Amino acid sequence: MAPAYGRRDGIAVEPVGDFWAAFSPVSGESILLNDESAAILEVLAEGPATTQQVAAQLALDTGDVAADLHDLVAGCWLTLIDSGLVQQLALDPHVGP
Amino acid sequence: MQSSSPEQQAGRDKRTARRRLIRGAFGAPVALTVFSGSAVAGTVNCLANPPTTPLTQNIAPASDSDVFLRVQMRSKGNGSSNSTWVWGDDLLNAAGLVGKPGYSFLNTDRWYCVSAGTGGSDAGANQTGYTAGTTYASTAAMLTINNVTPALLPGSYIAVRVDPTTGTIVGVTNMANASALTRSCWSSFVKTI
């Protein structure tokens, strides 16, 4: 079973020029995001999802092949979790938008 | 014309970042903590120029069981060619090992020299006379002169390989080469064996 990831409650994301500023009440820090990271949070706003599910959603937006985005998405979780924006949830293959 | 409800507005805004994604050019997701001053400029550069594919740092581990810790770097100097350091206490916090015995490096307030400076040996200078890759006690001269210790480098992190049985640092990758981003930007790395 693949791990699922969920967006933390209470985070605020606002556009700042070409980037996005996110505040996490968990870390108490403000974090700058690029479009890719902000897009992942938007996907998770629709519900918890696995890496594969997030990649599939974003592939629909970009026209990429989902498999090509898988490693990029997988590589971002640690940073987003450390930033207090995302949490890893219990293993559940059925979650997702 | 009717004004839209907050729910309708939220619905329109919800996919804004996804709409901004460039078709066929999904880059690496980047999230960096905002610091004040010049670090902000560096952060923006990191965000604006992410790699399009994850880059891996080639590290030659002694074994599969090596432990890697991401720790914030420290530096000391007067602006150019500063010396850079890893502090044992920072490692201790990163590893969640505060108060736990058995980690010789982490428990003894030691300093690991990542790179030596070139600007002199007075309190505010870059601290020559130290060798990169060597561990020094907190009683070393550079740590005692005027009580000026290396300060945290905002946004600069380093991968430190630690022997899990002794707690000693057995390797440091400063990401100077084949870096995912620059040393001041990277937030993760992939171990290749």
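Before going further, it helps to examine the overall build of chain A. Counting secondary structure elements, chain A contains four helices and six strands. Taking all contacts inside chain A whose residues are at least 6 apart in sequence as the whole, residues at least 24 apart take part in 56%. A total of about 4300 Å² of accessible surface is found on chain A, and carbon and sulfur atoms cover 52% of it.

With that out of the way, let us pick up the nonpolar core. Counting residues in hydrophobic clusters, the biggest one holds 30 residues, and the most contacted among them are Leu33, Ile40, Val54, Leu58, Trp77 and Leu85 of chain A. Mapped onto this core, the elements with two or more residues apiece are strand 3 (19–24), strand 4 (29–33), helix 1 (35–45), helix 2 (51–62), helix 3 (66–74) and helix 4 (77–82) of chain A. For this core, the element with the highest residue contribution is helix 1 of chain A, accounting for six residues. If we ignore the near neighbours within four places in the chain, the residues touching Ile40 of chain A are Val54, Leu58, Val73, Cys76, Trp77 and Leu80 of chain A together with Pro29 of chain B. Residues Leu69, Met73, Val114 and Val160 of chain B belong to the second largest nonpolar core, which totals nine residues.

Before going further, it helps to spend a moment on the pairing of strand 3 (residues 83–87) of chain B. The element strand 3 of chain B is extensively covered by neighbouring structure, given that five of its five residues are classed as buried. Burial along strand 3 of chain B is two-sided: the face carrying Ser83, Trp85 and Trp87 of chain B and the face carrying Thr84 and Val86 of chain B are both buried.

Pairs of aromatic rings are described using the distance from one ring centre to the other and the angle between the two planes. Applying the stated rule across the entire model yields four aromatic pairs over all chains. Here the aromatic rings of Tyr5 of chain A and Trp77 of chain A are separated by 4.0 Å at their centres, their planes lie at 10°, and the arrangement is stacked. Here Tyr5 of chain A, found in strand 1 (residues 4–7), pairs with Trp77 of chain A, found in helix 4; they are 72 residues apart in sequence, far enough to count as distant. Comparing Tyr5 of chain A with Trp77 of chain A shows no difference in burial state: the two are buried. With 6.5 Å between their ring centres and 80° between their planes, Trp85 of chain B and Trp111 of chain B make a pair best called edge-to-face. In this pair, Trp85 of chain B is assigned in strand 3 and Trp111 of chain B in strand 4 (residues 110–115), connecting sequence segments 26 residues apart. Overall, the relative accessible area of 0% leaves Trp85 of chain B in the buried class.

Here the focus is the sheet that holds strand 1 of chain A. Residues and elements named next belong to chain A. If you trace the three strands from one edge of the open sheet to the other, you get 5-1-6, paired in antiparallel fashion. Both edges of this open sheet fall to strand 5 (49–50) and strand 6 (86–88), since each of them pairs with a single strand only. Bridging between strand 1 and strand 5 involves two bridges; their strand directions are antiparallel. Bridge pairing in strand 5 links Tyr5 to Ala49. Sheet strands touched by helix 1: strand 1, strand 5 and strand 6. Its angle to strand 1, the strand with the most contacts, is close to 95°.

Residue and element names in this part refer to chain A. If you check which residues of helix 3 are buried, you get Leu69, Leu72 and Val73. Buried residues of helix 3, viewed axially, fall in a sector of 95°; they line one side. Projecting away from the buried face of helix 3 at angles above 90 degrees are the exposed residues Ala67 and Asp71.

Attention shifts here to the environment of Cys76 of chain A. With respect to the helices, strands and loops of the structure, Cys76 of chain A is situated in the loop between helix 3 and helix 4. Note: C-alpha distance between Cys76 of chain A and Thr51 of chain A (25 residues apart in sequence) is 9.8 Å. Setting aside its immediate chain neighbours within four residues, Cys76 of chain A contacts Ile40 of chain A together with Pro29 of chain B.

So, on to the environment of Val13 of chain A. All names here are of chain A. Tracing the sequence through the fold places Val13 in strand 2 (residues 12–16). By relative accessible area, Val13 is classed as partly exposed at 22%. Distance from Val13 to Leu41, taken between C-alpha atoms, is 8.9 Å for residues 28 residues apart in sequence. Apart from the residues lying within four places of it in its own chain, the contact partners of Val13 are Arg7, Trp20, Ala21, Ala22 and Leu41.

Turning to helix 2 of chain A, a few remarks are in order. The end-to-end C-alpha distance of helix 2 of chain A, which contains 12 residues, comes to 16 Å, matching closely the 16 Å that a straight helix rising 1.5 Å per residue would cover. Of all the positions in helix 2 of chain A, only Thr51, Val54, Ala55, Leu58, Ala59, Asp61 and Thr62 of chain A are classed as buried. Considered in projection along helix 2 of chain A, the buried side chains sweep an arc of 155° and stay on one side of the axis. Turned more than 90 degrees from where helix 2 of chain A packs its buried face, Gln52 and Leu60 of chain A sit exposed. Those residues of helix 2 of chain A that are buried lie in contact with strand 1, helix 1, strand 5, helix 3 and helix 4 of chain A together with helix 2 (16–20) of chain B.

It is worth spelling out the confidence of the model for chain B at this point. Residue and element names in this part refer to chain B. Averaged over every residue, the pLDDT of chain B is 63; residues scoring 70 or more account for 36%. Confidence, expressed as mean pLDDT per element, reaches its minimum in chain B at helix 1 (residues 6–13) with 49 and its maximum at helix 2 with 83. Under a pLDDT of 50 for its full length, residues 54–58 has, in the predicted model, 16 contacts with residues more than four places off or in other chains. Long-range and interchain partners of residues 174–184, a stretch whose pLDDT sits below 50, account for 26 contacts in this model, where long-range means more than four residues apart.

Rules used in this analysis
Residues numbered from 1 in each chain as written. Chains lettered and ligands numbered in written order. Predicted model: local features only at pLDDT ≥ 70, side-chain atom pairs only at ≥ 80, totals over all residues. Heavy atoms only, no water. Helix = DSSP H or I, 4+ residues; strand = E, 2+ residues; numbered from the N terminus. Contact = heavy atoms within 4.5 Å. Areas by Shrake-Rupley, 256 points an atom, 1.4 Å probe, with all protein chains shown as cover. Core = buried A, V, L, I, M, F, W, Y, C linked by side-chain atoms within 4.5 Å. Buried < 20%, exposed > 50% of the residue type's maximum accessible area, 1.4 Å probe, protein only. Phe/Tyr/Trp six-rings, centres within 6.5 Å; stacked < 30°, edge-to-face > 60°. Pairing = 2+ DSSP bridges. Axes fitted to C-alpha atoms, helices over the stretch in contact; angles between N-to-C directions. Arc of directions from axis to C-beta. Expected span 1.5 Å × (residues − 1). pLDDT = per-residue confidence, 0-100.

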